[in-house]
Amino acid sequence: MSFRIIVLAKQVPDTRNVGKDAMKADGTVNRGVLPAIFNPEDLHALEQALRIKEQRSDAEIILLTMGPPRAAEIIREALYRGADKGYLITDRKFAGSDTLATSYALSLAIKKLKPFHLVIAGRQAIDGDTAQVGPQVADKLDLPQITYTEEITKATTKEITIRRRLERGVETVSCQLPALITVHSSAASCRPRNAKLLMKFKHARTVSELQEESKDYTEMLTSKPYLQIDEWSVADIDANTEFLGLSGSPTKVKKIENVVFAAKESVVLSSDDKDIEALMKDLIDSHVIG
Amino acid sequence: MNNIFVYCEFDEDHIADVSLELLTKARKLANELGCKLEAGILGHNLKGIEKHVFPYGVDVLHLADDKRLYPYTTLPHAHLIIDLFEKIKPEVALFGATSVGRDLAPRIASKLKCGLTADCTSLVFGDHKDNKSGKEYTNLLYQIRPAFGGNIIATIINPDTRPQMATVREGVMKKEFHSESYKGTVKHIDVKELLHDDLFPVRVVERHMEKRKVNIKGSPVIISGGYGVGSKENFDMLFELADILGGEVGASRAAVDAGFVDHERQVGQTGITVRPKLYIACGISGAVQHTAGMSESAKIIAINNDPKAPINQIADYSIIGNIEDIIPKMIKYYKKNTK
């Protein structure tokens, strides 16, 4: 039996550098103008899996993501870096899922990929920053969890040893397998794409993508079955729709507001010596400083 | 009416500040609802710990004292809290958004199938009417947090599941005694009965905890830098100014992500919330992610070469220009005028 590692990843809008055009006049976010990227900490998670694969010839890495059809892009990115296979869970019925509904769907998909040794996810995604999906998937699978992984120092088929990055220090723990771990941004960055793997997998597609491109794919998929990225719908993972999407999400968004500052009467100064000196005098005289 | 619960984080020999801040907030929420405040402490050698939390207005303190509960691991803590919640059925449950709280709360929420909101910056009660069903709710917990990288503010509610769970970062709420002589009752959790071997698949081999090196939360003056500072080297200027003014250096998330300074200096929703006498924001545009953590500063100076940067709207003084020009001048004129 291989040492199977399932890496959970999410395609996210790049919220780190949101320009002015990313906000619509009504204060909502214009997702369309933000580039969709491989969630940064999920790349760190993939790297941890790749490192195990370097150590263990029996390791097999499966990338699992849930999202719209275009999220197949991050599966290809993972294949280019050394993942063996990818699955995309995609269905309109997932729309509006909060972390609880998302973890329900992911846990069902993971159950279909049994037996596995390790589930690795990024600590959190930059569009929500909740860090909840990892622990919630672990709960639904009845797995122990180790969050904030900085480095996997040892992995056998029975046990894993991990250094965790906490707020004020580090902790080394060992844990029985199977387990779920989440990876912190202080862990090693992911390696770049491998040129050979890029050539091998650049035509990897989901069936919906092939239909979209109106390509005849039967021949391609028969001769090179590894180019097929599997898509799973609600039915494929035997999910109960009641626990998905809005109905499966206990948290509801009551209100979204654009950020409006109560504008203060701000004194505008230049960088002239005169202005800066007056400011510093002012602060000293009013005992704010000094 | 069911009560409000706060998970109090036990750290070596004391209760974490964030937990005491949450107790302060939760006491006020409990008064609004007319219910009691309950708290839980899980750890080891907890004798006498109750006197540290009762002054914050705790009515019922649940204690679980066992050597297997410290250092923290997920499963035993989750198991005991889930069991407790099934018995006391809290209306609201609050956790610190710390390494422990963010590991524990989602696990509990998943088991109880209830809603959880991370990193709230404000918690208030409010009403709600469901547009579809027409059902009306009173006194729901509005869990308010910046979202989408801090570009919008979302109000989240959990209409139908209990407890309504939320995590809050350190410093967001203020720590304040309710009454020094306040006395609640202690209830002991039957740890021996509830814990079993299956809950310990994780073994802590080694721990290196450091005392906090920088204390930006307690600093009266904070010089904060953003991505606009440009480099690690340029941050040296900020350190120099902070040194002269007797302050500390803070940073925005973008500056931390860029590797200019350590995460422990990060101010904002996913960092620390500060309320200094003077906050100087250098090269920080002013995304909510950041301003959520500093907008209550007594005086704010923004230094930015973009006159339209949102930070200017909350600043008392906006200096338009380059920090490379301005900071050395601030140092120069501070020295000149304090001699």
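As the structure is a computational prediction, the values presented were derived from the model and not from experiment.

> Describe the overall build of chain A, with residues and values.
Scanning chain A from terminus to terminus reveals eight helices and 14 strands. When the backbone C-alpha atoms are referred to their principal axes, chain A occupies close to 80 × 45 × 40 Å. In chain A, buried positions account for 54% of the 290 residues. When contacts within chain A are restricted to residue pairs at least 6 apart in sequence, long-range pairs at least 24 apart make up 70% of them. About 13,300 Å² of surface is accessible on chain A, with carbon and sulfur atoms providing 50% of the total. Positive and negative side-chain charges in chain A, numbering 40 and 41 respectively, have mean positions lying 5 Å apart.

> Run through unusual backbone geometry, naming residues and quoting values.
Residues and elements named next belong to chain B. Of note, the amide linkage connecting Tyr70 to Pro71 takes the cis form, showing an omega dihedral of 0°. Counting through the fold element by element, Pro71 comes out in the loop between β5 (60–65) and α3 (74–88). Here Arg162 and Pro163 are connected by a cis peptide whose omega angle stands at -5°. Within the secondary structure layout, Pro163 lies in the loop between β10 (152–157) and β11 (164–168). The phi torsion at Asn45 lies on the positive side, around 60°, for a residue other than glycine. Within the secondary structure, Asn45 is located in the loop between β4 (37–43) and α2 (50–53). The exposed category is assigned to Asn45, whose relative accessible area is 61%. Of note, the phi angle at Lys113 is positive, near 50°, even though the residue is not glycine. By secondary structure assignment, the location of Lys113 is in the loop between α4 (101–112) and β7 (116–120).

> An account of the packing of aromatic side chains is needed here, citing residue identities and associated values.
Applying the stated criterion across every chain yields a total of nine aromatic pairs over all chains. With 5.4 Å between their ring centres and 70° between their planes, Tyr104 of chain A and Phe243 of chain A make a pair best called edge-to-face. Of this pair, Tyr104 of chain A sits in helix α3 (residues 99–112) while Phe243 of chain A sits in the loop between β12 (228–232) and β13 (252–258), and the two are 139 residues apart along the sequence. For Phe243 of chain A, a relative accessible area of 34% corresponds to the partly exposed category. Ring plane angle 75° and centroid distance 5.0 Å describe the contact between Tyr56 of chain B and Phe177 of chain B, whose orientation is recorded as edge-to-face. With a gap of 121 residues between them, Tyr56 of chain B in the loop between α2 and β5 and Phe177 of chain B in the loop between β11 and β12 (185–188) connect regions that are remote in the sequence. Against the face of Tyr87 of chain A rests Lys85 of chain A, its NZ or CZ located 5.1 Å from the ring centre.

> Give me the domain arrangement of chain B: which residues, what numbers.
Residues and elements named next belong to chain B. Domain assignment breaks chain B into domain 1 (4–199) and domain 2 (221–338). For domain 1 versus domain 2, the separation of C-alpha centres amounts to 33 Å. Facing 15 residues of domain 1, the contacting portion of domain 2 comprises eleven residues. Counting the contacts that link domain 1 with domain 2 gives six residue pairs in polar contact (both at pLDDT 80 or more). Within the residue set of the side of domain 1 that touches domain 2, elements represented by two or more residues are β9 (136–147) and β10. Tallied by class, the residues present in the side of domain 1 that touches domain 2 amount to five nonpolar, five polar and five charged.

> Just give me the short version of the pairing of strand β6 (residues 92–96) of chain B, but keep the residues and values in it.
Residue and element names in this part refer to chain B. In terms of residue burial, β6 counts as a mostly covered element, since five of its five residues are buried. Alternating residues of β6 divide into Val92, Leu94 and Gly96 and Ala93 and Phe95, and every residue in both groups is buried. Both β6 and β11 contribute to a ladder of five bridges, which runs parallel. Within β11, the position partnered with Phe95 by the bridge is Thr167.

> So what about helix α1 (residues 17–33) of chain B? Which residues, and what values?
All names here are of chain B. A rise of 1.5 Å per residue sets the reference length of α1, with its 17 residues, at 24 Å; its end C-alpha atoms lie 24 Å apart and thus fit the reference within 8%. The element α1 is largely enclosed, with a buried count of twelve among its 17 residues. Along α1, the positions that sit buried rather than exposed are Val18, Ser19, Leu20, Glu21, Leu22, Leu23, Thr24, Ala26, Arg27, Leu29, Ala30 and Leu33. Gly34, located one to two residues past α1, shows a positive phi value of around 70°.

> How would you summarise the pattern of salt bridges if you had to cite specific residues and measurements?
Opposite charge on two side chains permits them to pair, given that their charged atoms come into close proximity. Tallied over the entire structure, the rule returns 42 salt bridges over all chains. Overlapping salt bridges, with partners in common, bring together Asp17, Glu21, Glu170, Lys175 and Lys217 of chain B in one network.

> Any chance you could break down the sheet that holds strand β1 (residues 4–8) of chain B for me, citing the residues and the numbers?
All names here are of chain B. On the basis of which strands lie adjacent, the open sheet formed by seven strands has the order β7-β11-β6-β1-β4-β5-β12 and parallel pairing. Only two strands of the sheet have a single neighbouring strand rather than two, namely β7 and β12. The average angle at which neighbouring strand axes cross in this sheet is 20°, direction not considered. As judged from the six bridges shared by β4 and β5, these two strands associate in the parallel manner. Counterpart to Leu42 in the pairing with β5 is Ala64. The strands touched by α1 within the sheet are β1, β4, β6 and β11, with β1 carrying the most contacts at an inclination of about 175°. Across the face of the sheet, α4 comes into contact with β1, β6, β7 and β11 while running at roughly 150° to β6.

> Talk me through the state of the cysteines; I want residue IDs and the actual numbers.
Cysteine pairs can be covalently joined through their sulfur atoms, and such a bond is termed a disulfide. All told, the structure shown has zero disulfides over all chains when counted by the stated rule. Note on Cys8 of chain B: no disulfide assigned, nearest cysteine sulfur contributed by Cys35 of chain B at a separation of 15 Å.

> Requested: an account of the interface of chain B and chain A, with residues and values cited.
Counting residues at the interface gives 83 residues for chain B, matched by 78 residues for chain A. Across the chain B to chain A interface the summed buried area is about 7,000 Å²; carbon plus sulfur atoms make up 54%. Interface area lost by chain B to chain A is led by Arg107, Phe148 and Tyr317 of chain B, which between them contribute 11%. At the boundary of chain B with chain A, the tally comes to eight salt bridges. With a closest N to O distance of 3.9 Å, Asp139 of chain A and Arg107 of chain B form a salt bridge. Taken together, chain B and chain A are joined by 41 residue pairs in polar contact (both at pLDDT 80 or more). It is helix α9 (residues 323–338) of chain B that contributes the most residues to the side of chain B that touches chain A, ten residues altogether. Tallied by class, the residues present in the side of chain B that touches chain A amount to 38 nonpolar, 22 polar and 23 charged. Two elements, strand β14 (residues 267–269) of chain A and strand β18 (residues 317–320) of chain B, share three bridges in a ladder whose sense is parallel.

> Account for the sheet that holds strand β16 (residues 278–282) of chain B, naming residues and giving values.
Within the open sheet, the six strands sit side by side as β14(A)-β18(B)-β17(B)-β16(B)-β14(B)-β15(B). Their pairing is parallel. Every interior strand has two partners, whereas the edge strands, β14 of chain A together with β15 (248–251) of chain B, have only one. Averaged over all adjacent pairs, the angle separating strand axes in this sheet is 20°, with direction ignored. Contacting β14 of chain A together with β16, β17 (299–304) and β18 of chain B, helix α8 (residues 273–285) of chain A runs over the sheet at an angle of about 155° to β18 of chain B.

What counts and how
Residues numbered from 1 in each chain as written. Chains lettered and ligands numbered in written order. Predicted model: local features only at pLDDT ≥ 70, side-chain atom pairs only at ≥ 80, totals over all residues. Heavy atoms only, no water. Helix = DSSP H or I, 4+ residues; strand = E, 2+ residues; numbered from the N terminus. Buried < 20%, exposed > 50% of the residue type's maximum accessible area, 1.4 Å probe, protein only. Contact = heavy atoms within 4.5 Å. Areas by Shrake-Rupley, 256 points an atom, 1.4 Å probe, with all protein chains shown as cover. Lys, Arg positive; Asp, Glu negative; His and termini not counted. Charge placed at Lys NZ, Arg CZ, Asp CG, Glu CD. Phe/Tyr/Trp six-rings, centres within 6.5 Å; stacked < 30°, edge-to-face > 60°. Lys NZ or Arg CZ within 6 Å of the ring centre and 35° of its normal. Domains from an automatic or database assignment. Polar contact = N/O pair within 3.5 Å; in protein donor to acceptor, adjacent residues only side chain to side chain. Nonpolar A, V, L, I, M, F, W, Y, C, P; charged D, E, K, R; others polar. Pairing = 2+ DSSP bridges. Expected span 1.5 Å × (residues − 1). Salt bridge = Lys/Arg side-chain N within 4 Å of Asp/Glu carboxyl O. Axes fitted to C-alpha atoms, helices over the stretch in contact; angles between N-to-C directions. Disulfide = S-S within 2.5 Å. Buried area = accessible area lost by both parts, 1.4 Å probe.

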